[in-house]
Structure formats: C-alpha cells, structure tokens
Amino acid sequence: MKIPEKLLELLSKAQHVVASTGAGVSAESGIKTFRDPDGLWSKLKPQELATIEGFMANPELVWSWYRQRLDIISKTVPNPGHYALAEMEGVFPKFTLITQNVDRLHHKAGSTIVHELHGNIVENHCQQCKRNYEGDVFLSDKKLPICPECGGYIRPSVVWFGETLPHGAFTAGEYASRDCDIFFSIGTSGEVQPAASLPIIAKQFAAVLVEVNPNKTILSNYADYRLEDTSGKALPKLLEEYKKYIKENK
Ligand code: BV8
C-alpha cells in the first residue's frame, strides 16, 4: 500500500489532525471486532449484552460476558497501530485521539489524551447511586457485584445502546471534528451513532477525510483517501513516510 504524496503534503500543512478509532484498531492485538464475519455480534445478541434492559433482566449473563472480555483484554498488548497513534501526539501541531473502544489499549500504548466515546471496561459504577468502583475489586469473587452503599447493581462503565455518550468525550470529539484539517477514521464500520457522525461533521467543515480499513464501509464514499490495509501496518507506514517527507522537504 502506497501513501499518496498529496496526503503527505496535506499532513505537512495540517494544524490539527484527528484520529478516530474503532474495534478494528485492536484486532491485531487479538481482540475480536463486533461486526466482522467472526465478530462478537455474529454469535451474541447486543440487545441482551449491551443494553441497560439486557443488564437489568440478566445481570449475571452480562457480567459473565464482560468478565470474559476483561480477561482477554488484560492479556492483550497494544499493536504497532496503537503505538503509531501515540507517537502522532508529538508529530502534528495539534492532535486529537477519539475512540469507540473500551479496551484502553491506546492508554497502554502511551497516548496521553484519549476521548473515550463509549466509556471503558476497566471502571465500574453503581447503576442506582452512580458511585464509581475502580478496577475489578468486585469481580474476583465471581458473585454479582452489589453496591455496599445503596444495594444497587454495580455495572461496567461502558456506554450501552440507548445510553447517552459521556458529555465531555463527545463534546471534545465534536469540537475537534469541526476544527481539524485532516480526520482519520480508523478501524470502524461507521455503523454506530453518534460516533459515526464525527467524520461527516469533519467533512462538512472542509476537513480531508482519510479512512484506514482493509474493507469498505458506509464511510468509504465520503473518504478523500483510503489506506486499504490493516491499521497495524498502515499507521506505522504513514508515520514513517511522513517523517521522510518532512526531512526531504524541509
Ligand atoms: C445513543 C458497548 C442517544 C461498549 C457499544 C434505538 C434506540 C436507541 C438508540 C438507537 C436506536 N437506533 C439507533 C440508535 C443509536 C445507536 C446506534 O447507533 N445503533 C446502531 C447500531 C443502529 N446508538 C446508541 O444507542 C448510542 N447512544 O444514541 O444515545 C440516545 C440516548 C437515549 C435515547 C435516545 C438516544 C450508544 C452507542 C454505543 C453502543 N455501545 N458497545 C462495549 O461493550 O464495547 S457499540 C459497539 O460498536 C462498540 O462500542 C464499538 O466500538 C462500536 C462501533 O463498532 P466498531 O468499532 O466500528 O466495530 P465494528 O466491528 O463495527 O467494525 C470494525 C471495523 O474494523 C470493520 O470495518 C473492519 O473492516 C475493520 N477492521 C477489522 N480489522 C481491522 C480493521 N481495520 C483496521 N485494521 C484492522 N486490523
């Protein structure tokens, strides 16, 4: 996959670059995506596992799913795509990282500011009184975690379908989408709203849209450039070619 020269030139002039990631960026770390043919939703039902109704109807089932995912995530490490994004923080005048992922691999790779649109899987809170419960302190004994303060169910601090996104994260994402010169949509099918509206907002505000995905998505037709490879390969290559371009065109 070749990085278009024109894209390198645009990057060299960009004041603000946004990268928005989805489950595909963690695929090369061994974490299943949701909507790929072998993805999580090919065998499981999102309405049972990723909605508040599903949780209240069967909290044991939902906790067993999240405990399984937590166990997988605790054994995974970032891949070269995560590390390239972490390095980009220091490469462009302004860089904003937004993610739909809850696995915190961007943090593990060294990204210091990560706007998590769908929360994260390592923090928990009481569904009733909203008290926060850090880490997996309630998960080790495998019983259903109950809030010692109010008796409510403790749940993972992820955003389920039908739940609003964390205000701060989405506002930061919206602002960055309006302000940026180049918007990278990386490893996402672009099917989940309102996260999927951000690349469109960026286009409406005259940003260049670059999609990094080995497959076509509903965003592909809006993209000015498509890097049709996995993020673990495309992002390090992009960074390497960019640094070479800057050196040659100083
Ligand atoms: C909301 C939980 C406002 C966390 C997730 C009816 C009722 C209520 C809402 C709705 C409704 N109908 C529609 C909606 C809106 C709904 C929505 O968008 N539904 C869609 C699916 C139809 N959205 C919501 O409900 C959101 N909230 O709208 O609130 C509101 C509030 C109250 C009342 C009314 C409105 C909340 C959305 C968050 C849902 N939470 N998960 C968790 O456990 O993870 S969704 C789930 O999908 C994950 O969070 C995931 O991040 C997200 C997006 O998926 P992707 O990341 O794109 O992953 P996917 O598998 O789809 O694609 C992977 C891509 O990677 C593929 O393109 C593949 O080609 C590519 N790829 C694969 N390998 C690689 C690769 N790319 C690069 N490199 C590779 N190696």
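Note: the structure precedes this text.
Keep in mind the model is a prediction, meaning the values are calculated, not measured. (Residues numbered from 1 in each chain as written. Predicted model: local features only at pLDDT ≥ 70, side-chain atom pairs only at ≥ 80, totals over all residues. Heavy atoms only, no water.)

For P80, the location among the structural elements is in helix α6 (residues 80-88). For the pair formed by P80 and G232, sequence separation is 152 residues and the distance between their alpha carbons is 5.0 Å. Setting aside chain neighbours within four positions, we find P80 in contact with G232 and P236. (Helix = DSSP H or I, 4+ residues; strand = E, 2+ residues; numbered from the N terminus. Contact = heavy atoms within 4.5 Å.)

What follows concerns the site of the ligand. Lining the immediate surroundings of the ligand are 35 residues, of which R35, Y66, R69, T188 and S189 lie closest. V159 places a polar main-chain atom, nitrogen or oxygen, 2.8 Å from a nitrogen atom of the ligand. G162 is positioned with one of its backbone polar atoms (N or O) 2.7 Å from an oxygen atom of the ligand. Considering the ligand on its own, with 1,500 Å² of exposed area, one finds that the protein chains cover 75% of that surface. Taken together, the elements giving at least two residues each to the shell around the ligand come down to α2 (24-27) and α5 (59-74). Partitioned by chemical class, the residues of the shell around the ligand number 13 nonpolar, 16 polar and 6 charged. (Near = heavy atom within 4 Å. Polar contact = N/O pair within 3.5 Å; in protein donor to acceptor, adjacent residues only side chain to side chain. Areas by Shrake-Rupley, 256 points an atom, 1.4 Å probe, with all protein chains shown as cover. Nonpolar A, V, L, I, M, F, W, Y, C, P; charged D, E, K, R; others polar.)

Our focus in this paragraph is the pattern of salt bridges. Taken as a whole and assessed by the stated rule, the structure comprises 13 salt bridges. E228 is paired through a salt bridge with R226; the nearest N and O atoms lie 2.8 Å apart. Given the relative accessible area of 48%, E228 is considered partly exposed. (Salt bridge = Lys/Arg side-chain N within 4 Å of Asp/Glu carboxyl O. Buried < 20%, exposed > 50% of the residue type's maximum accessible area, 1.4 Å probe, protein only.)

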